[in-house]
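Listed below are the residues making up each chain.
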Amino acid sequence: MAKDCLMVHSLSSNTLNNATKFSHHSIQGHHHSIQGVERFADKGMLRWSMSTGCLLDPNSPAARYASRAVLKRPILGCGLLLSQKGSTLVISDLHLPYQHPDAFDFLSALDEQYGFQRVLNVGDIFDHHRSSYHESETDAYGEDEEFRRAQSGAWELQERFPRMVITRGNHDDIPVRKAKTVGLPTSMLHDTNKIYELDDGWKWENQHWFDTWGAYPIVVPMVLNKRGRWDKGILAI
């Protein structure tokens, strides 16, 4: 099996540069306002890099701090790898419990259409807003409610996608980062699955190398109607 693609939470905001400088395909999340696939070819090979966008609710408190930066706003959607050997879903940043209210239905509709053999996730499944290094928004959920809602969302997502490989995002790692800040050994913390009482079908990695099965990469935007809800359509670009 040829592992020809690297998935990590973040490479750089320049997707074309990622395709140019690496000798392999690559996938990233993290950059909520960037979505697409860039390709670069030299005499050796054609390679591509994907930025998935996100599935964060643009109107949530968790999205508010980023909206102040150069008028950026989230681009909603996810990535797909289409191959004759089987299709792969690449779930973008969810930031539970601040995911878009239609995010799970959108992902399930894609699964129903494509029948994915493999599910990947670029990370930032959890937002950990109250414990973030950013100032918390005053209308955000309290600490306990945020945890309970995030846990409930994770349980629902795992029911829909029981097996998934996740590359840890900077928000996923906030509990570990906070422990280091106050001088606690990270060995005192449970792993993420135990913290959220998840089954071990979810595998957490810092980076994930895998075989694309010669897939054609696309991103699928989640198009919203005037009320800010998913319009139930599935487009691919």
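Given the structure is predicted, the values throughout are model-derived calculations rather than measurements.

(A) Inspection of the overall build of the protein at higher detail. The secondary structure content of the protein amounts to six helices and eleven strands. Radius of gyration (C-alpha) of the protein: 17 Å, near the 18 Å computed for a compact globule of 237 residues. In terms of principal-axis extent, the alpha carbons of the protein reach across some 50 × 45 × 35 Å. Pairs at least 24 residues apart make up 70% of the contacts formed inside the protein by residues separated by at least 6 positions. When the accessible surface of the protein is totalled, it reaches about 11900 Å², and 50% of it is carbon and sulfur.

(B) Structural context of the packing of helix α3 (residues 103-114) against helix α4 (residues 143-160). One way to put it is that α3 packs onto α4 with a least axis distance of 11 Å and a crossing angle of 5 degrees. Between α3 and α4, the crossing angle belongs to the class labelled roughly parallel. Residues Phe104, Asp105, Leu107 and Ser108 of α3 touch α4, and the partners they reach there are Gly153, Glu156, Leu157 and Arg160. Grouping the constituent residues of the contact of α3 with α4 by class yields three nonpolar, two polar and three charged.

(C) Fine view of the pairing of strand β5 (residues 77-82). Of all six residues making up β5, five are buried, and the element is well covered by its neighbours. Relative to strand β11 (residues 216-221), β5 runs antiparallel, the two being bridged by six bridges. The residue bridging Leu80 from the neighbouring strand is Ile218, located in β11. Sheet topology note: the β5/strand β6 (residues 88-91) ladder contains three bridges and is antiparallel. Bridged to Gly79 within β6 is Val90. Here β5 folds back onto β6 in antiparallel fashion, the turn holding five residues, of which Gly86 has a positive phi close to 140 degrees.

Rules used in this analysis
Residues numbered from 1 in each chain as written. Predicted model: local features only at pLDDT ≥ 70, side-chain atom pairs only at ≥ 80, totals over all residues. Heavy atoms only, no water. Helix = DSSP H or I, 4+ residues; strand = E, 2+ residues; numbered from the N terminus. Rg over C-alpha atoms; globule rule 2.2 N^0.38 Å. Contact = heavy atoms within 4.5 Å. Areas by Shrake-Rupley, 256 points an atom, 1.4 Å probe, with all protein chains shown as cover. Axes fitted to C-alpha atoms, helices over the stretch in contact; angles between N-to-C directions. Parallel < 35°, antiparallel > 145°, perpendicular 65-115°, else oblique. Nonpolar A, V, L, I, M, F, W, Y, C, P; charged D, E, K, R; others polar. Buried < 20%, exposed > 50% of the residue type's maximum accessible area, 1.4 Å probe, protein only. Pairing = 2+ DSSP bridges.

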